[in-house]
Amino acid sequence: MKEREKSRRYSILGAFLSIFPFIIFLRMASIQVNPDIVRKMQEIGDAFTNPLLTLTPARGQIFDRRGNLLAGNRKVYEVGVELQDVENPTTIAQTVSALLGVDYEDALYVASLESSDSMVYSPLTNNVTEEEIEKLKVIIEQMGAVYTGKRDENTPSLNGLVFSPRLGRIYPEEALASNILGFVNRMGEGFYGVEGRFDSLLKGMSKVVRSSNDPNRAEEMPSVPDGASLVLTIDREIQRAMERIIDDAVAETSSDSGTLVVVNPRTGEVIAMATTPRMDLNQFWKVDEIFTNETPYNRAVSQSYEPGSVFKVLTMASGLDSGAVTPETVFVDTGAIEIGGTIIYNWNQVAWGPQDMQGCMQHSLNVCLAWISTQIGSDAFYQYLSGFGIGHVTGIDLDGEASGRLKEPGDNDWYAADLGTNAFGQGVAATPIQMAVSISAIANDGVMMAPQIVKSVVSEGYQHHIDQRVLGMPIKAETARILSEMLANSLETESSDALVTGYRIAGKTGTAEIPTPFGYTSNETNASFVGWGPVDDPRFLIYVWLEKPGTSQWGSVVAAPVFQRAAEELVVLLNLPPDAIRKKLARD
Amino acid sequence: MDQLENIARSYFQAPWRKQLQIIALFLLGLVIIALVAGVYLSISARATAVGRDIQKMQREISNLDKVNESLQSDLAKILSSSHMEARARTLGFIETPPDQIVYLKVPGYVERQSVILAPSSDRNVVRAISMPPEYTESLFEWVYRQARDWIASISEEKP
């Protein structure tokens, strides 16, 4: 071969080979100058060196008024699989099924998933406790030690099984005040009660930051303030006592359910709110098993019912305040009254003859109260009821409050007869908290305080106290005092089962028939009692409701003794001396 | 004199001496580079180690926060009303019948108040500057401040 030809071939080969570095150079240049590619490459690089990190603040705690923790946090783990590392899905499924109670088929399905660009990890379960993780660690360690050497697809392996810590909710008091607290699900979302109502406040604000795996670029992590903590108005000891009392009452009277609300009429603070059923909040997933058939989570705020004769307190307050009647007004009870074409009878179908207003309340005369409503006049009567908050939500700090129903003149379904029936609590629906709040106006000299569950909010190092609000002043102070006296005298005269030795109590029983699609034809009733004391300086108001009691249909028989038991325990827990001692101590 | 110059010239121009100079210079450069590289490596290794420590401590802080929350909840569980009641009964305590309660007037006794977990936001908090300016100002600012104070003190001294 001639030298020239040889040289030409070398030149061609050299030129050909130099194309590759040239292409590489072009590609490098295009990557460097093309903004889309630069951004994409940056993202890919950042994903490895500076991954995005979500800083989730600890959920705020919930305390009772004495500082006892009702809802806190604990370290729990999420267990999942890194799909590309899984060697034997069966071993993983068997282990998590036996140790953590995960369904075997579900676990096998998750562990058998193929990893892809869009999925490299899949969770198996969460809320796993530290103790369970310790057991899991031991098994992983033992399995790693036993199965060494040559491996195939049948070799038992827990490779790919990973767990990461996070904070989960815990309720140290378990079922106590469960209807007030609500719960937090696995996704960290609050449901019902305070957890539901103040979810965003308790949760706090998450922050997404870019962290660095490069130790040379280690920076201080930005701090994320914890979620706000709440101090409730309820007292743990009183709540516990009230729950025990209502549970016993439901069992003794064979009632469908029971509700007991304790409020401070002076401030509107809810001291206790006990309802049935309740559940252990640490097992929140059982909510559908416990609250079946549309059972409200908290009957005290979410279930309205026809309250019956306890409503007469509001009618009498309206009558006295409007001047339609005075305590000395005498009504001659003939046992029946016709209003709007409907004849209204007394509870025992008997004519009681001449009765003053205290007698009307003491004997719970429907006819008398219906007559009072006619004396007030429909416009004024419904204005008074609206002023007492009937038909309106109270605005209590709990999720799912119902407004009840008050039909008023002008509504399509209001009839003239409703004026008479509403006067004794029929044809009108209210929740227990509505009743307690409206009647608290009578205990508190005519001032109706807004019900309060959250006493203060602790956020970013400060405690913010929630101001008490006045909902309205539906009646005059004098009217309230007169009616309190009348109701206290009524209880004393009839030697009610609600009386508490040493304490002067005012109160009223209620027995309401339950409406059916065919009218008030059922023998089932709602038995209620509302009472407050001490009459000269009210410190508590207790509202009791027993739904469909089986042993007796009368509120005076089943609900009044529940009030008495509750009040007897309450005065001790509130450090409230008997009236005589209190007055003596005040004099000394 | 000429003889001395000749010796100096021959010594200066000897090839092996020139080579020795080059090698010496090269080695000197190498030693300097090695020293700088050594110092750089040492510092960057320490910075990396500190960085690792920071990352480790950040993880530890995060873990301790979680442990702290868990411990608070564990304590609350131990002090829960059902546990406390059971422990009290085990110790022989019983509930006091209402008729056996004796009420006494204690001068100065303040009724049990609701819990205070943090300072009230209603209070006027006086925010005092706790850090002297020396910790935040630059050298120039410090010199300027000293000069200003000195001039001010002189002008005050004048009648």
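Residues numbered from 1 in each chain as written. Chains lettered and ligands numbered in written order. Predicted model: local features only at pLDDT ≥ 70, side-chain atom pairs only at ≥ 80, totals over all residues.

Draft legend 1. Examining the overall build of chain B more closely. A tally of helices and strands in chain B yields four helices and zero strands. Secondary structure elements in chain B, listed N-terminal to C-terminal, are α-α-α-α. Out of the 159 residues belonging to chain B, those deemed buried represent 4%. (Helix = DSSP H or I, 4+ residues; strand = E, 2+ residues; numbered from the N terminus. Buried ≥ 20, exposed ≤ 12 C-beta atoms within 10 Å, placed from the backbone.)

Draft legend 2. Representation of unusual backbone geometry in the model. Residues and elements named next belong to chain A. Note that the residue after Thr 276, namely Pro 277, is joined by a cis bond; omega there is -5°. You can see Pro 277 is positioned in the loop between strand E11 (270–275) and helix H10 (287–290). For the peptide bond that leads from Gly 533 to Pro 534, omega is -20°, which places it in the cis range. As for its placement among the helices and strands, Pro 534 is situated in the loop between strand E21 (525–533) and strand E22 (540–547). The phi dihedral of Glu 174 falls on the positive side, at around 55°, and the residue is not glycine. For Glu 174, the location among the structural elements is in the loop between strand E5 (161–170) and helix H6 (178–181). Of note, Asp 445 is a non-glycine position whose phi angle comes to about 55°, a positive value. Counting through the fold element by element, Asp 445 comes out in the loop between helix H17 (432–443) and strand E16 (448–449).

Draft legend 3. Summary view of the confidence of the model for chain B. In this model, chain B carries a mean pLDDT of 85, and residues with pLDDT of at least 70 account for 89%. The secondary-structure element of chain B with the lowest mean pLDDT is helix H1 (residues 2–13) of chain B, recorded at 72, while helix H3 (residues 81–90) of chain B shows the highest, at 94. (pLDDT = per-residue confidence, 0-100.)

Draft legend 4. A look at the pairing of strand E3 (residues 69–82) of chain A. Residue and element names in this part refer to chain A. In terms of residue burial, E3 counts as a mostly covered element, since 12 of its 14 residues are buried. Relative to E3, strand E2 (residues 62–63) is paired through two bridges, and the arrangement is antiparallel. Paired with Ile 62 across the strands is Ala 71, a residue of E3. Here 10 bridges tie E3 to E5, and the two strands are oriented antiparallel to one another. Looking at E5, one finds that Val 81 is bridged to Leu 161. With five bridges connecting them, E3 and strand E4 (residues 121–128) associate as antiparallel partners. Paired with Val 81 across the bridge in E4 is Ser 122. (Pairing = 2+ DSSP bridges.)

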